Amino acid sequence: MYFDVLVIGGGPAGLAFSALASDMGLTVGLLDRQAKTALSKPKNDGRDIAVSEASRKIMANLGAWTMIDGADISPIRSAKVVDGDAPFALNFNPGSAGADKLGDIISNHIIRRVLYRVAAQKENITWFTGAEVKALSRNANAATITLADGQVFSSQLAIAADTRFSGIRRDAGIKADMHDFGQTMVVGRMHGTIPHNHVAHEYFRYDGGLAILPLNNDIASVVQTFCAEQAAQFMDMNDADYARATQARLKGLMGTLSCTSKRVAYPLVGVYARQFYSQRLALIGDAAVGMHPVTAHGFNFGIQGVANLIEHLRKAQARGLSLGNIGALKAYNTDHRRLTWPLYQLTEKMVGLYTTNTIPARLARKAALHTAQAALPVKDVLMAKLAGVPVSKVIASKLSGKFPVPPSLPRF
Ligand SMILES: Cc1cc2nc3c(=O)[nH]c(=O)nc-3n(C[C@H](O)[C@H](O)[C@H](O)COP(=O)(O)OP(=O)(O)OC[C@H]3O[C@@H](n4cnc5c(N)ncnc54)[C@H](O)[C@@H]3O)c2cc1C
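What you see is a predicted model, and the numbers here were worked out from it, not measured in a lab.

1. Digging into the overall build of the protein chain
Broken down by element type, the protein chain carries 12 helices and 20 strands. Considering the protein chain as a whole, with its 412 residues, one finds that 54% of them fall into the buried category. Pairs at least 24 residues apart make up 73% of the contacts formed inside the protein chain by residues separated by at least 6 positions. Carbon and sulfur atoms make up 55% of the accessible area of the protein chain, which amounts to about 17900 Å² in all.

Here you go:
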């Protein structure tokens with residue numbers, strides 16, 4: 001069977017790409033190893049995703065945003081980053097940039113569900129579920145994939161959206177830099193008796209990271225990072241013990257805690273592909289850039305990369321070029337690296353700094369936070385990106401003196 005595009009992986013990136021490609025009038029073969037019900041009614045996987053304004057707009061253009069129940073969208077009004085138990089916090093207040101929130105939090109299974117619904121409405125997408133892709137081969141004219149059951153499909157272009165451990169990327173011989181952080185993230189929802197006022201908190205504690213993603217009704221997604229051994233202990237606790245232990249780590253920030261969901265553990269591995277394209281192949285989503293979740297950008301980068309690739313394919317199509325046009329794929333590669341590389345590097349460095357407990361590392365952490373608070377534009381550029389306001393607006397308001405005066409660097 002022949003398609004214009006074959007998409008391997010029906011996660012958020014693969015689904016969004018397939019829907020947009022279908023809107024270009026292309027025939028799409030969408031393959032995922034999961035069963036149809038697992039894709040159409042995805043189970044809660046514990047991930048609560050901080051969605052940036054840019055990603056919200058892409059989802060809105062796809063028609064996916066209005067499919068989400070308002071009660072399932074939790075705004076992030078501001079955020080604080082705290083080093084250890086120090087009183088100093090790096091504050092992210094979008095009001096100073098003329099925005100009323102930093103972004104919205106939506107459960108990953110809801111994102112998957114609505115993107116599935118959008119893609120399911122497209123007539124020119126052919127679904128292959130329960131389909132394990134085993135091999136990819138390419139030549140100047142076509143990309144061909146073979147399934148585990150022996151079926152063979154060809155296309156002008158193949159899209160790898162098959163997780164950060166992409167088998168397609170490997171088949172194509174594309175190298176990737178992988179960083180096993182030797183840590184596991186434990187995520188679960190908890191209710192607190194003290195209102196969080198929709199302020200997100202990120203604590204870089206000496207005994208492991210701790211983040212609070214504020215959800216509606218004073219529930220929060222509590223994200224804790226440990227070494228694997230400790231993570232297993234926290235996963236094994238009953239709800240009451242887990243709530244008590246977490247409450248102690250939060251030092252009463254949310255009052256008395258109770259668990260409102262099951263917990264899920266994620267081993268942390270960052271991945272950055274050396275190239276996001278090859279002959280008749282493009283990598284998208286985590287297959288291109290698998291971020292450490294601490295800076296909340298894996299999904300955001302994924303969907304922005306999809307919009308970017310579609311734009312370049314549209315231009316190639318308008319010029320009568322093949323979808324596998326190498327110039328279009330190179331342009332996507334350049335744009336997506338420009339978007340993702342700085343934050344990927346920053347995240348790697350930051351996590352490195354916060355998983356080292358030597359005295360110089362602790363001092364460097366404090367200096368980094370104070371510098372980020374004081375320095376233009378490190379913090380402000382990140383905030384502008386999340387809130388979707390022009391960086392120039394943030395800088396102008398800071399220069400006009402409407403910004404709080406940054407504290408001077410601490411003396412150690
Ligand atoms: C705890 C946690 C919190 C996070 N928080 C945030 C956040 O706040 N903000 C943010 O932007 N991102 C966040 N992320 C990252 C985000 O969840 C991912 O970046 C995103 O889900 C990746 O989507 P994807 O479509 O690339 O891949 P996936 O969702 O991994 O989907 C890949 C699909 O490919 C299929 N597949 C794989 N191999 C094959 C094969 N051989 N044959 C057929 N099918 C195959 C799989 O079945 C799967 O359906 C978080 C991640 C974690 C773990």
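Picking up after the structure, the text goes on.
2. What about helix α1 (residues 12–23)?
Between the first and last C-alpha of α1 there are 17 Å, a value that for 12 residues agrees with the 16 Å anticipated at 1.5 Å per step. Counting buried positions along α1 gives 11 out of 12 residues, so the element sits mostly inside the fold. For α1, the full list of buried residues reads Pro12, Ala13, Gly14, Leu15, Ala16, Phe17, Ser18, Ala19, Leu20, Ala21 and Ser22. Phi turns positive, to about 90°, at Gly25, one or two residues after α1.

3. Digging into the site of the ligand
In the vicinity of the ligand lie 29 residues, with Asp32, Arg47, Ala50, Asp286 and Phe299 positioned nearest. One nitrogen or oxygen atom from the side chain of Gln34 is found 2.9 Å from an oxygen atom belonging to the ligand. Between the ligand and Val133 there is a distance of 3.1 Å, counted from a nitrogen atom to a backbone nitrogen or oxygen. Relative to its unbound accessible surface of 1000 Å², the ligand loses 92% to contact with the protein. At the level of secondary structure, the elements contributing two or more residues to the shell around the ligand comprise α1, β3 (48–51) and α8 (298–318). Partitioned by chemical class, the residues of the shell around the ligand number 12 nonpolar, 9 polar and 8 charged.

Procedures and definitions
- Here the residue index of a chain counts from 1 through its sequence in written order.
- In keeping with the model being predicted, local features are shown solely for residues with a pLDDT of at least 70 and side-chain atom pairs are shown and tallied solely at 80 or more, while totals for entire chains, interfaces and linings include all residues.
- Only hydrogens and water are set aside when side-chain values are computed; all heavy atoms of the structure are taken into account.
- Helix numbers and strand numbers start at the N terminus; a helix is a DSSP run of H or I with at least 4 residues, a strand a run of E with at least 2.
- Buried residues are those whose accessible area, probed at 1.4 Å on protein chains only, stays under 20% of the maximum for their type, while exposed residues exceed 50% and partly exposed ones sit between those limits.
- When checking whether two residues touch, look at their non-hydrogen atoms; a contact exists if any pair is within 4.5 Å.
- The method behind every accessible area is Shrake-Rupley, applied with a 1.4 Å probe, and residues are considered shielded solely by the protein chains displayed.
- One fewer than the residue count of a helix, multiplied by 1.5 Å, yields its expected span.
- Throughout, near means a residue has at least one heavy atom within 4 Å of the molecule or strand.
- Two N or O atoms form a polar contact when they lie within 3.5 Å of each other; inside protein one atom must be a possible hydrogen donor and the other a possible acceptor, and for residues adjacent in sequence the pair counts only when both atoms belong to side chains.
- Under this grouping Gly is polar, as are all residues other than the nonpolar Ala, Val, Leu, Ile, Met, Phe, Trp, Tyr, Cys and Pro and the charged Asp, Glu, Lys and Arg.

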